[in-house]
Amino acid sequence: MICSYLIIFNCMYLYPLINNYMILYACAGNAKKSSLKVVHKHGPCFKPYSNGEKAASPSPSVSHAEILRQDQSRVKSIHSRLSKNSGSLDEIRQSDDATLPAKDGSVVGAGNYIVTVGIGTPKKDLSLIFDTGSDLTWTQCEPCVKYCYEQKEPKFDPTVSQSYSNVSCSSTICTSLQSATGNSPACASSTCLYGIQYGDSSFSIGFFGKETLTLTPRDVFPNFLFGCGQNNRGLFGGAAGLMGLGRDPISLVSQTATKYKKLFSYCLPSSASSTGHLTFGPGASKSVQFTPLSSISGGSSFYGLEMIGISVGGQKLSIAASVFTTAGTIIDSGTVITRLPPDAYTPLRTAFRQFMSKYPTAPALSLLDTCYDFSKYSTVTLPQISLFFSGGVEVSVDKTGIMYASNISQVCLAFAGNSDPTDVSIFGNTQQHTLEVVYDVAGGKVGFAAGGCS
């Protein structure tokens, strides 16, 4: 069996430690058709100032412990969303100042990726977090009624756009917000109001409207349904809002289905200093291996997968099939660390620790409990880790997705276990690094290929 990346030994990777595993690349763009450049929201490639407008100063850097804390908040919110009934907009409004954390958090999380799109006529470029775990696309809007968080670009002002219009309360489109946001819509002077709440009590409330969306000069969509948020709170990393790529009829995937046939793909870059792409329509690599989409109880908007196994160093772990099928698995672009059932994570951790036994250990980092001190090593050897899905699909995790580095003295296995075996597993974005991930929603399948960012 060949398990290769640079120097190979017993199905294991040997590679130099470069900038704490962060290999730096130029912030180059991507020339693919119907494609947007993807950058990490905490990376130096996130530079939205192209028109000379004055904007708020960038938010300070976020610590690794804070990133993992926010990631855990997102995971808890996903698990809660899959187990609870819908709420209402009034419940969001009733969240007073005392219930909001001193340091705003968001289920959107800290490990997310940014694309820039145009909204309005004339178009205004705005940087949005793209999220396969959400449906509604929204952005902060002027005027800010109560709260607005800091963003790097000036907020969108619908009054200066020639193509903006509000959605009526009495329309069936307004009613459809229930499934997309989990909350019943409300009315203000016959205008439809949306409200969506995330983890740590962060939220967005505003008018539900129609506007022209420009993805590329050739890809322009009039009457795109989106949220124009005038009351927003959360740590969104300077992004103007969020792009919803879930499976609901209000998601961008569904609204652009006539042109793109519910087909999109992305590659998440290997570091915060490199770029990837988000591409709509056909054009995926011929080497993509597809696994069927599966349904998740209570989560029709999520992309469910059937995980069936894990290997470490080329050796398949002994894990009963029922361990994975009890709650199922979703793939999520916004969760940083892959979450596994307790009875899958434990054998993974055990096998990994056996391979890494020659290296000195380091204290745990938040939810990451298997960490090492590599300060005295110029090279380290890691076992290859593969995830297996139905349909005969094996996904080899890139070397940059195996460990999470706080610093050279604290480098941790980038997987974590759920506390409850009935909680859904999540294929997180760290393990998706450099993969081409293809969502063929109409075809009912998700595919993977190596080298997707090249």
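In the annotation of an unreviewed UniProt entry, the protein chain is listed under the name Peptidase A1 domain-containing protein and assigned to Citrus sinensis. Quoted verbatim from the Sequence similarities (unreviewed entry) heading of the UniProt record, the comment on the protein chain is "Belongs to the peptidase A1 family."

Draft legend 1. Spatial organisation of the state of the cysteines. Under the defined criterion, the tally for this structure stands at six disulfides. The disulfide bridge from C169 ends at C187, spanning 1.9 Å between sulfur atoms. With a gap of 18 residues between them, C169 in the loop between β8 (165-166) and α3 (172-175) and C187 in strand β10 (residues 186-188) connect regions that are remote in the sequence. Given a relative accessible area of 16%, C169 falls into the buried group.

Draft legend 2. Here's a closer look at the nonpolar core. One finds M243 and L278 to be the most contacted residues of the largest nonpolar core, which totals 71 residues. Looking at which domains feed residues into this core, each of domain 1 (35-46 + 108-280) and domain 2 (289-450) gives three or more. With 22 residues, the next largest nonpolar core counts F46, W138, Y194 and I250 among its residues.

Draft legend 3. Region of the structure containing the packing of aromatic side chains. In this structure the tally under the stated criterion is 18 aromatic pairs. Considering the side-chain rings of F156 and F226, the 6.4 Å spacing of their centres and the 75° angle between planes classify their relative orientation as edge-to-face. Of this pair, F156 sits in the loop between β7 (138-140) and β8 while F226 is found in strand β13 (residues 219-233), placing the two residues 70 residues apart along the sequence. Ring geometry for F264 and Y439: centres 4.5 Å apart, planes at 5°, overall stacked. Of this pair, F264 sits in strand β15 (residues 263-267) while Y439 sits in strand β32 (residues 436-440); the two residues are 175 residues apart in sequence, bridging distant segments of the chain. Across the pair, exposure class does not vary: F264 and Y439 are buried alike. Counting every residue linked through ring pairs, the aromatic cluster contains F130, F221, Y260, F264, Y266, F280, Y303 and Y439.

Draft legend 4. Region of interest: the sheet that holds strand β28 (residues 403-407). Spatially, four strands are ordered β23-β24-β29-β28 in an open sheet, and the strand pairing comes out antiparallel. Strands at the two margins of the open sheet, each flanked by one partner only, are β23 (361-362) and β28. Summarising the sheet, β23 and strand β24 (residues 371-372) pair through two bridges and their orientation is antiparallel. When the bridges of β24 are listed, A362 appears paired with C371. Packing against the sheet, helix α8 (residues 342-355) makes contact with β24, β28 and β29 (410-413), and its axis sits at approximately 130° to β29.

Draft legend 5. Expanded view of the pattern of salt bridges. This model, assessed by the stated rule, comprises nine salt bridges. With a closest N to O distance of 2.8 Å, R339 and D71 form a salt bridge. With R339 in strand β22 (residues 338-340) and D71 in helix α1 (residues 64-81), the pair connects residues that are 268 residues apart, well separated along the chain. Residue R339 is classed as buried on the basis of its relative accessible area of 2%. Accessibility expressed as a relative area gives 0% for D71, which makes it buried. When the shortest N-O distance is used, the salt bridge between R81 and D135 registers 3.9 Å. With R81 in helix α1 and D135 in the loop between β6 (124-131) and β7, this pair connects stretches of sequence that are 54 residues apart. Relative accessible area serves as the criterion here: at 1%, D135 is assigned to the buried category. Through salt bridges with shared partners, a single network forms among R74, D131 and D332.

Draft legend 6. Highlighting the UniProt feature "active site" (unreviewed entry) in the protein chain. Within the UniProt annotation, "active site" (unreviewed entry) is assigned to D131 and D332. Spatial clustering of the annotated residues is evident: they stretch over 202 residues in sequence, but the largest pairwise C-alpha distance comes to 7.5 Å. Relative to the helices and strands, D131 is located in strand β6. Look at D131 and you get buried, because its relative accessible area is 0%. With residues near it in sequence (within four places) discarded, D131 still touches R74, L242, M243, G244, L245, G246, D332, S333 and G334. A distance of 2.6 Å separates polar atoms of two side chains, one belonging to D131 and the other to R74.

Cut-off values and rules
Residues numbered from 1 in each chain as written. Predicted model: local features only at pLDDT ≥ 70, side-chain atom pairs only at ≥ 80, totals over all residues. Heavy atoms only, no water. UniProt positions renumbered as here; feature names shortened; annotations may be inferred. Disulfide = S-S within 2.5 Å. Helix = DSSP H or I, 4+ residues; strand = E, 2+ residues; numbered from the N terminus. Buried < 20%, exposed > 50% of the residue type's maximum accessible area, 1.4 Å probe, protein only. Core = buried A, V, L, I, M, F, W, Y, C linked by side-chain atoms within 4.5 Å. Domains from an automatic or database assignment. Phe/Tyr/Trp six-rings, centres within 6.5 Å; stacked < 30°, edge-to-face > 60°. Pairing = 2+ DSSP bridges. Contact = heavy atoms within 4.5 Å. Axes fitted to C-alpha atoms, helices over the stretch in contact; angles between N-to-C directions. Salt bridge = Lys/Arg side-chain N within 4 Å of Asp/Glu carboxyl O. Polar contact = N/O pair within 3.5 Å; in protein donor to acceptor, adjacent residues only side chain to side chain.

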